[in-house]
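Reading the structure
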Amino acid sequence: EVNNLIQIAALYRNINDFSESARYFDKALKTVDSKDNETLFWIYYHRGYKYYMENRTEDAIGDYTRAMEYAKQIHPYLLIYNYNELGNAYLKQNHDSAIYYLNKSIAINIRETGMFTEEQYVQSLFYKAKYYRALGNYEMSRNVIAKSKRLLKDDKNSKFQAKYAMEMMLYYNHIQEL
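Read on for an overview of the structure. (Residues numbered from 1 in each chain as written. Predicted model: local features only at pLDDT ≥ 70, side-chain atom pairs only at ≥ 80, totals over all residues. Heavy atoms only, no water.)

Quick notes on the environment of H95
Within the element layout of this structure, H95 appears in helix 6 (residues 95-111). The class for H95 is partly exposed, based on a relative accessible area of 34%. Residues H95 and Y131 lie 36 residues apart in sequence; the distance between their C-alpha atoms is 7.7 Å. Apart from the residues within four sequence positions on either side, H95 is in contact with Y90 and L135. (Helix = DSSP H or I, 4+ residues; strand = E, 2+ residues; numbered from the N terminus. Buried < 20%, exposed > 50% of the residue type's maximum accessible area, 1.4 Å probe, protein only. Contact = heavy atoms within 4.5 Å.)

This is the structure:
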């Protein structure tokens with residue numbers, strides 16, 4: 001039942017009905033077993049994204065921070081997602097923290113997971129390039145994109161790789177014009 005509540009809350013969030021989304025997230029939090037770390041992670045992660053969409057940055061950071069504590073107890077792979085979202089939230093108020101969390105996400109990909117996480121790694125690099133661009137550091141943004149492009153060339157058959165290759169190329173071309 002709790003997973004259904006999370007899904008319903010996320011659906012309402014995705015159509016910008018934040019009051020209904022909040023109602024279902026609250027129900028999920030009241031229903032979940034306090035020892036179910038994985039479900040608690042997903043509740044706080046998704047509710048954090050709801051707050052982010054509402055421009056409630058402090059609340060988003062709070063929920064992502066809570067989710068991070070649960071993720072540490074489950075698997076480092078979940079931290080990759082969480083650090084990316086923390087970076088997104090911090091971009092609105094503290095650029096150094098945004099870069100810090102993206103670097104943490106990238107570091108986990110490189111050294112801590114035994115899983116194939118190239119998709120998240122390239123996505124983290126893409127976010128990092130966007131952050132540097134937002135800071136006006138176009139040279140660093142171009143360098144990160146160049147690194148991503150090298151990674152994307154290794155697997156040309158993947159739909160994911162094709163999608164990101166196109167996004168990176170468009171983004172890179174835009175930055176070149178600046």
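So that's the structure; there's more coming.
Remarks on the pattern of salt bridges
Taken as a whole, this structure holds seven salt bridges when the rule is applied. Across the pair K50 and E54 runs a salt bridge whose closest N-O atoms are separated by 2.6 Å. You can call K50 buried: its relative accessible area is 2%. Taking the relative accessible area as the measure of exposure, E54 reaches 23% and is therefore partly exposed. Between R56 and E54 there is a salt bridge; the shortest N-O distance is 3.5 Å. Residue class for R56 comes out partly exposed when judged on its relative accessible area of 34%. Residues joined by salt bridges that share partners form a network here, namely K50, E54, R56 and D59. (Salt bridge = Lys/Arg side-chain N within 4 Å of Asp/Glu carboxyl O.)

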